[in-house]
Amino acid sequence: MAAKETLIGAIEKALRDLGVEKPVAVLERPAEMAHGDYATNVALSCAKQLGKNPRELAESIVVELQKNKSDFVEKIEIAGPGFINFHLKPEYFVETLKGLDDTYGKGISLRGKTVLVEYTQPNILKPFHIGHLMSNAIGESLSRLIENAGASVKRLNYQGDIGLHIAKALWGIKALTADPRDIDAIGKAYAHGAQTYENDEKAKAEIVELNEKIYKNDPEIHELYEIGKATSLKRFEELYEILGTKFDRYYLESEVWQRGVELVNEGKDKGIFKESDGAIVFSGEEHGLHTRVFITSKGIPVYEAKELGLAERKAKEFTFDTSITITAVEQEQYFEVVFKALSLLRPEFAEKFTHIAHGMMQLSGGKMSSRLGNVITGDSLISDLIEEVKEKMGDRVSASDTPVVSRDVGVAAIKYSVLRQALRKNIVFDKGKSLSFEGDSGPYIQYTTVRAKSVVAKAKSAGIVLSFEKTPEEIGIVEKLLERFPEVAARAATEREPHHVATYAIELASAFNSWYAGQQIVNTEDPLSPYRVALTKATAIVLEKALWLLGIRVPSVM
RNA sequence: GCUCCCGUGGUGAAAUGGAUAUCACGACAGACUUCGAAUCUGUUGUUGGGGGUUCGAAUCCCUCCGGGAGCACCA
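Along each chain, numbering runs from 1 in the same order as the chain's sequence is written. For this description, chains carry letters from A and ligands carry numbers from 1, given in the order in which they are written. Given that the model is predicted, a residue must reach a pLDDT of at least 70 before its local features are reported, and side-chain atom pairs must reach 80 or more before they are shown or counted; all residues, however, enter totals for whole chains, interfaces and linings.

**Section: the sheet that holds strand β9 (residues 279–282)**
Argument step 1. When DSSP finds two or more bridges between a pair of strands, those strands are recorded as paired. In this description a helix means any DSSP run of H or I spanning at least four residues, a strand means any run of E spanning at least two, and both kinds are numbered starting from the N terminus. Spatial strand order, β8-β9-β10: 3 strands in an open sheet with antiparallel pairing. Two strands lie at the open edges of the sheet, namely β8 (274–276) and β10 (292–295), each paired on one side alone. Averaged over neighbouring strand pairs, the angle between their axes works out to 55° when direction is ignored.
Argument step 2. Here 3 bridges tie β8 to β9, and the two strands are oriented antiparallel to one another. For K274, the partnering residue across the bridge sits in β9 and is V281. Lines fitted to the C-alpha atoms define the axes, with helices restricted to the stretch that makes contact. Angles between their N-to-C directions range from 0 to 180 degrees.

The structure is reproduced here in structure tokens:
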């Protein structure tokens, strides 16, 4: 980082000396490492202004830079149409490696801030489906990225325990006389109820009536509801443990809906909401959005109204700078409407509440929907994958390690396949193909980390003491990648895009594996061995840290 | 119909407005008496079409085509 600022200062000074007023130098990381460690395009962008040929201008700039060359710069070159490339000395990278420990990559850009991150949001009495898995993977990673940038993060989960979906499930449980203690039976009952709701007018009326009873906490369904709710919540908790998420606060719809109704009524008095066909709606058209119902003509608050109650509850319980809600893109325009209404009702909230939309997980055959019952549940996917890992492991690890290791590797495969690509992009889910254990995969990075650590352990027992005293003449890609980790973590946090870390981790793992194959690391006869072991250890630390940012655990063996 | 997103090798993806577009999978050919082969080495092949802005476009703007999402009492 310091190198970057120094170079920018030097370039801007050179430009000033050449007659550029208020120069702004942009320093880039060349995509191609052979092009150097830093590059600037100022000769290209200023050429026109100065009426010079870009390459000639670059020559003049380099002459200026050479006068006062920073001591960590090895050479400065001009390339292509007029890029100025900076190659740093090997010592610069070795210095970075020397100070590399568990705190490496921690940022300060969000120091002092508190950020609420709400994610996963499953609904009780409905299956924990693959979309929840996706939201959980993304939410956990974003939480860690923001934490790593210096903020204090509160992980929140908002679980739906009241509303029409509950009525559908309870109706289904009754119709099928399903066991409310059996999570799979509940899932089937929900699908049955939801389908019947769409095809059968009489059943639909019954479900609507049941929904009203739920809001009134009618004793007729109270017991069934409580048992089913407990079954769901218990299973969700087991899944969070498997996935490696610990929430700080769980919100339930049942605790915020009443306040939501009050807020809508308050807004109605202020003219923010209005009545339409017996329902209370927010006219989004006036703000370039669409109109949505907040309270139905039967007086039942829908998701929109509850969300207002939730927002206020968050503000009461936490002092925070930003509240992020993570959901799939299908709710994006819905959140625009809700947050618009919220900002009119509580102007002081306007800038604080934000929504992050991720892509949809789709089945090759079409959209998955728990209402239609054509879902691969998150539950079954996790268990299937863990089984697959077990099979693949055979007797590589001891029987006592197998449960934990297969869990961590299976979860890594799922999480990485979600986090490796830009948030907004959809994933067409093919169970056979998309969850690979080799190449571009979570387990590949895990394996590399485990292997690196194992080599370090071996070096220790061979009596090799890590040292940067004797270094190779040439610095390789591994060293250069390690030096970039802090800025990758920072960028991922700023852009709220975990895939930058995923891409980086796979690159580093791949570079390390190639280097590893090239020579022996642990060799008491080789004077370079202490350096190689130290580099291996540094790689292991950074890989583990990168995986942590993705919410992926590193098993002890695999 | 209106609004918002996404189109990159056979497949899945990456790329701060920058240089010869980068990986992985697949296919083919190789490497374990060598620190962990879930590994490594090599070969193969790409920016949906058309305009525009720019010194420079996968990236920004317009338009067409293709796919996804949303659009009143679901969440």
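**What to know about the sheet that holds strand β2 (residues 38–40)**
Sheet strands pair via backbone hydrogen bonds, and the direction of the pair is either parallel or antiparallel.
Argument step 1. A sheet is described by the order of its strands in space; here 4 strands give the open sequence β1-β2-β4-β3, paired in antiparallel fashion. With partners counted over all chains shown, the strands left at the sheet margins are β1 (27–28) and β3 (73–79), one partner each.
Argument step 2. Examined bridge by bridge, β2 and strand β4 (residues 83–88) share 3 bridges and lie antiparallel to one another. By the bridge assignment, T40 is partnered in β4 with I84.
Argument step 3. Most of the contacts of helix α3 (residues 54–67) go to β3, to which it runs at about 165°, and overall it touches β3 and β4. Two residues qualify as a contact pair if the distance between their C-beta atoms, derived from the backbone, is within 7 Å.

**Quick look at unusual backbone geometry**
Where the residue is not glycine, phi is negative for most of them; where a peptide bond is considered, it is trans in most cases.
Argument step 1. The phi angle at T120 is positive, at roughly 80°, despite the residue not being glycine.
Argument step 2. Tracing the backbone through its elements, the reader meets T120 in the loop between β5 (114–118) and α5 (130–148).
Argument step 3. The phi angle at Q121 is positive, at roughly 45°, despite the residue not being glycine.
Argument step 4. Within the secondary structure, Q121 is located in the loop between β5 and α5.
Argument step 5. Partly exposed residues are those falling between the two cut-offs: more than 12 but fewer than 20 other C-beta atoms within 10 Å of their own, whereas 20 or more means buried and 12 or fewer means exposed, with C-beta atoms placed from the backbone. Accessibility expressed as a C-beta count within 10 Å gives 20 for Q121, which makes it buried.

**Some points on the pairing of β4**
Argument step 1. Counted residue by residue, β4 has 5 buried out of 6 residues, so it is predominantly covered.
Argument step 2. As defined by bridge partners, β3 adjoins β4 across 6 bridges and the pair is classed as antiparallel. Residue I78 lies in a different strand from β4, and its bridge partner there is I84.
Argument step 3. Here β3 hands over to β4 after 3 residues, with G80 in that stretch at a positive phi of 55°.

**Re the protein's contact with RNA strand B**
Argument step 1. Only the C-beta atom matters for nearness: placed from the backbone, it must lie within 6 Å of the molecule or strand for the residue to count as near. What surrounds RNA strand B is a group of 80 residues, the closest being G163, T296, G439, Y447 and S454.
Argument step 2. Broken down by element, the residue count for the surface near RNA strand B peaks at 9 residues, all from helix α18 (residues 499–518).
Argument step 3. Think of it as three bins: nonpolar holds Ala, Val, Leu, Ile, Met, Phe, Trp, Tyr, Cys and Pro, charged holds Asp, Glu, Lys and Arg, and polar takes everything else, Gly as well. For the surface near RNA strand B, the residue count by class is 34 nonpolar, 30 polar and 16 charged.

**Overview of the environment of S383**
Argument step 1. Within the secondary structure layout, S383 lies in helix α13 (residues 378–393).
Argument step 2. With 13 C-beta atoms counted inside 10 Å, the residue S383 sits in the partly exposed group.
Argument step 3. Between the alpha carbons of S383 and Q333 there is a distance of 34 Å; along the sequence they are 50 residues apart.

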